[in-house]
Amino acid sequence: MILMDDIIREGHPTLRTKAEEVKFPLTDEVRQLAEDMLQYLINSQDPEIADKYNLRGGIGLAANQVNSLQRMFALHLTDDNGEQLSFVAINPKIVSHSVENTYLPAGEGCLSVDRNVPGYVPRHARVTVKFKTIDGEEKKMRLKGMPAIAFQHELDHLNGIMFYDRINEKNPFADITDSTPYE
Ligand SMILES: OCN(O)CCCc1ccccc1
Ligand code: NI
């Protein structure tokens, strides 16, 4: 099982390296890693397991964060309608997005960042995404709200981008044009 010790922290070069397309069919090793990443999120959201293994709660986890350059990330969260989203996105792409932006008024955090970095992180309010599942199935989804924000946070990781790269340096809480806070 993935533990906090397996999650690399800022300063580790893999966080700034672009992940490579995953080849299908998946090797057993890549499949296992994908499953372990999703399991980490499920464990981290279970109070007993998280407490027992000292896991930081997360709704997403990208391969870079466990020192792998496979182009995939796991998401495990409930959307605005209470729908459970739980999947590994392999070779994910944003195929289109809204002009409108959004951001979390409380800012963002990251399992690979052991400090608070205040400021608004501008994200597309709505995204249409494509990816393959562990079983090689092509998926196309329209996301908004927290799922949209999380998908973009994870996809950034696959491109070596950290959430604070997107915060306005001069004024971290500057009004983000064309945007509505996600509250
Ligand atoms: O990359 C995953 N991660 O570091 C865990 C937190 C993910 C996250 C996603 C959206 C908004 C805030 C935090
Ligand atoms: Ni992160």
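Residues numbered from 1 in each chain as written. Chains lettered and ligands numbered in written order. Predicted model: local features only at pLDDT ≥ 70, side-chain atom pairs only at ≥ 80, totals over all residues. Heavy atoms only, no water.

Peer 1: With reference to specific residues and values, describe the coordination of the nickel ion (ligand 2).
Peer 2: Around the nickel ion (ligand 2), the protein supplies C110 (SG), H153 (NE2) and H157 (NE2) as donor atoms, at distances of 2.1 to 2.4 Å. Because the angles between the 6 donor atoms bound to the nickel ion (ligand 2) fall within 27 to 147°, the donor set is best described as irregular. Mapped onto the polypeptide sequence, the residues donating to the nickel ion (ligand 2) form the spacing pattern C-x42-H-x3-H. Of this pair, C110 sits in the loop between β4 (101–103) and β5 (123–124) while H157 is found in helix α3 (residues 145–158), placing the two residues 47 residues apart along the sequence. Of the two residues examined, C110 and H157, each falls in the buried class. (Donors = N, O, S within 2.8 Å, 3.2 Å for Na, K, Ca; no water. Tetrahedral: all angles 85-135°; square planar, octahedral: opposite > 155°, others 65-115°. Helix = DSSP H or I, 4+ residues; strand = E, 2+ residues; numbered from the N terminus. Buried < 20%, exposed > 50% of the residue type's maximum accessible area, 1.4 Å probe, protein only.)

Peer 1: Describe in detail the sheet that holds strand β2 (residues 72–78), supporting the description with residues and values.
Peer 2: In space, the 5 strands of this open sheet follow the order β1-β2-β3-β6-β7, with antiparallel pairing throughout. Since the sheet does not close on itself, it has two edges, and those belong to β1 (60–62) and β7 (138–144), each with one partner. Taken pair by pair, the neighbouring strands of this sheet meet at an average axis angle of 40°, ignoring direction. As defined by bridge partners, β1 adjoins β2 across 3 bridges and the pair is classed as antiparallel. Within β2, the residue paired with G60 across the bridge is L75. Across the face of the sheet, α3 comes into contact with β1, β2, β3 (84–97), β6 (126–132) and β7 while running at roughly 160° to β2. (Pairing = 2+ DSSP bridges. Axes fitted to C-alpha atoms, helices over the stretch in contact; angles between N-to-C directions. Contact = heavy atoms within 4.5 Å.)

Peer 1: Give a detailed account of the sheet that holds strand β8 (residues 179–181), specifying residues and quantitative values.
Peer 2: What the 3 strands build is an open sheet, ordered β5-β4-β8; its pairing is mixed. Each edge of the open sheet carries a strand with a single partner, namely β5 and β8. Pairing of β4 with β5 involves 2 bridges; the strand directions are antiparallel. Paired with T102 across the two strands is R123, which belongs to β5.

Peer 1: Describe in detail the site of ligand 1, supporting the description with residues and values.
Peer 2: Within the structure, ligand 1 sits among 13 residues, and G60, Q65, L111, E154 and H157 are positioned closest to it. Take Q65: an N or O atom from its side chain is 2.8 Å from an oxygen atom of ligand 1. A distance of 2.9 Å separates an oxygen atom of ligand 1 from a polar side-chain atom of H157. In the complex, the protein chains occlude 92% of the 360 Å² of accessible area that ligand 1 would expose alone. By residue number, the principal contributor to the shell around ligand 1 is α3, which donates 5 residues. (Near = heavy atom within 4 Å. Polar contact = N/O pair within 3.5 Å; in protein donor to acceptor, adjacent residues only side chain to side chain. Areas by Shrake-Rupley, 256 points an atom, 1.4 Å probe, with all protein chains shown as cover.)

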